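Chains, contacts and geometry: an overview
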Amino acid sequence: MHRDARRWLLASALLGFGQQLFVVLRNPFVHDLGFPLWLLGWLQGVGAVMGVLAGMAGLWLSSRVSSAWMLRAGALANAAGFVTQVTATHPWQFILGAALAGVGIQLLTMSSGPFLARRVTARDRVRVYGLQVIAIQTLPGLLGAVLGGELQRIVAADRESSLDGYRVALASGAASVALSLLPLRGLAAEEPAGREGGALHAKELRRFVGYLVPDVLLQFGAGLAVPFLQVYLHVMLNAPTHHVGRYFGAMMLAGTL
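Structure report, in brief. From a predicted model like this one, the values you see are computed outputs, not experimental measurements.

The next subject is the packing of aromatic side chains. Taken as a whole, this structure holds 4 aromatic pairs when the rule is applied. Arranged with centres 3.8 Å apart and planes meeting at 5 degrees, the rings of Phe22 and Phe82 form a pair that is stacked. Of this pair, Phe22 sits in helix 1 (residues 3-32) while Phe82 is found in helix 3 (residues 67-86), placing the two residues 60 residues apart along the sequence. By the burial criterion, Phe22 is buried, and Phe82 matches it. Seen in terms of ring centroids, Phe29 and Phe94 are 5.9 Å apart; in terms of plane orientation they differ by 65 degrees. Their pairing is edge-to-face. Taken together, the positions of Phe29 in helix 1 and Phe94 in helix 4 (residues 91-117) put the pair 65 residues apart, joining distant regions of the chain. With respect to class, Phe29 is no different from Phe94; both count as buried. Members of the aromatic cluster, joined through ring pairs, are Phe29, Phe35, Phe94 and Tyr166.

Shown next as structure tokens:
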């Protein structure tokens, strides 16, 4: 495997751990701070809108800067957004942090494919892309969900404050994302030469759209369900945070297998 691909997989694991920790803990933290539930919709919406804007900017940047540079910029913005939310005490601070994180996550998502495509042979592409999904999503997601919930429980019991537990656990997620910059620093400065793709023909374009439409529906459904599932479990079913982490961890374990 190309050296840069290995470094990206390591960075992916650090990113995935921190991101999954925020998926499980951020919204219950905002709820337990006493903010109204409508703020959660704004946080998810602002992050998504900024992701779309970052994607449009990324399309323009992709022909002007290397994908390695975009990965570093994405990790930095992601970490900054998470740190802002860890220290937030007012709604606007959470919204600002969600916006920064949305930019970072979108840059990471859209850059990782082109980055790997230029460093992996066609024969190894499926295997390496599969490893990336496990590295950035399911395996660190399992660890982030379970360990984050347990850390929140232990700190909350020790300090007799659930909010302190949230902040410590979320801070560890932000630190994990920031640490991903270490392997990303070592990426080669020059972008390897890649094969230029031709224009899509009508038949290929129809096949592409046929793939894209169900993917859009899946992402839309996930955007509705995943960010609010933890709050539903926490508020409606009185599930403690570490139990919510175990539920999400079980899903990530199934995904990894």
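Compared with the 51 Å implied by 1.5 Å per residue over 35 residues, the 48 Å span of helix 5 (residues 125-159) between its first and last C-alpha is a close match. In the structure, helix 5 departs most strongly from a straight axis at Ala135, where the bend amounts to approximately 45 degrees. After helix 5 finishes, the residue Glu160 shows a positive phi value of roughly 55 degrees.

Mapped onto the secondary structure, Leu9 falls in helix 1. Given a relative accessible area of 12%, Leu9 falls into the buried group. Taking the C-alpha atoms as reference points, Leu9 and Leu184, separated by 175 residues in sequence, lie 9.9 Å from one another. Apart from residues lying up to four places away in sequence, Leu9 is in contact with Met1, Leu131, Gln132 and Ala135.

Another aspect to go through is helix 9 (residues 241-256). The terminal C-alpha atoms of helix 9, which comprises 16 residues, lie 22 Å apart, in line with the 22 Å expected from a rise of 1.5 Å per residue. All buried positions along helix 9 are accounted for by Thr241, His242, Val244, Gly245, Phe248, Gly249 and Met252. Summarising the axial view, the buried residues of helix 9 lie within an arc of 145 degrees, below the 170-degree limit, and thus occupy one face. Lining the buried residues of helix 9 we find helix 1, helix 5, helix 6 (162-179) and helix 8 (202-235).

As a further point, take the packing of helix 1 against helix 3. Packed helices, taken two at a time, are described by the angle between their axes plus the distance between the axes. Interaxial distance between helix 1 and helix 3 falls to 12 Å at its minimum, and their mutual angle equals 25 degrees. The angle between helix 1 and helix 3 falls in the class roughly parallel. The crossing of helix 1 and helix 3 is left-handed. Only Leu71, Ala75, Asn78, Phe82, Gln85 and Val86 of helix 3 make contact with helix 1, whose side of the interface consists of Trp8, Leu15, Gly18, Gln19, Phe22, Arg26 and Phe29.

Reading the values: the criteria
- Residues numbered from 1 in each chain as written.
- Predicted model: local features only at pLDDT ≥ 70, side-chain atom pairs only at ≥ 80, totals over all residues.
- Heavy atoms only, no water.
- Phe/Tyr/Trp six-rings, centres within 6.5 Å; stacked < 30°, edge-to-face > 60°.
- Helix = DSSP H or I, 4+ residues; strand = E, 2+ residues; numbered from the N terminus.
- Buried < 20%, exposed > 50% of the residue type's maximum accessible area, 1.4 Å probe, protein only.
- Expected span 1.5 Å × (residues − 1).
- Bend = angle between axes of the 7 residues up to and from the residue.
- Contact = heavy atoms within 4.5 Å.
- Arc of directions from axis to C-beta.
- Axes fitted to C-alpha atoms, helices over the stretch in contact; angles between N-to-C directions.
- Parallel < 35°, antiparallel > 145°, perpendicular 65-115°, else oblique.
- Left-handed = near helix turned anticlockwise from the far one by under 90°.

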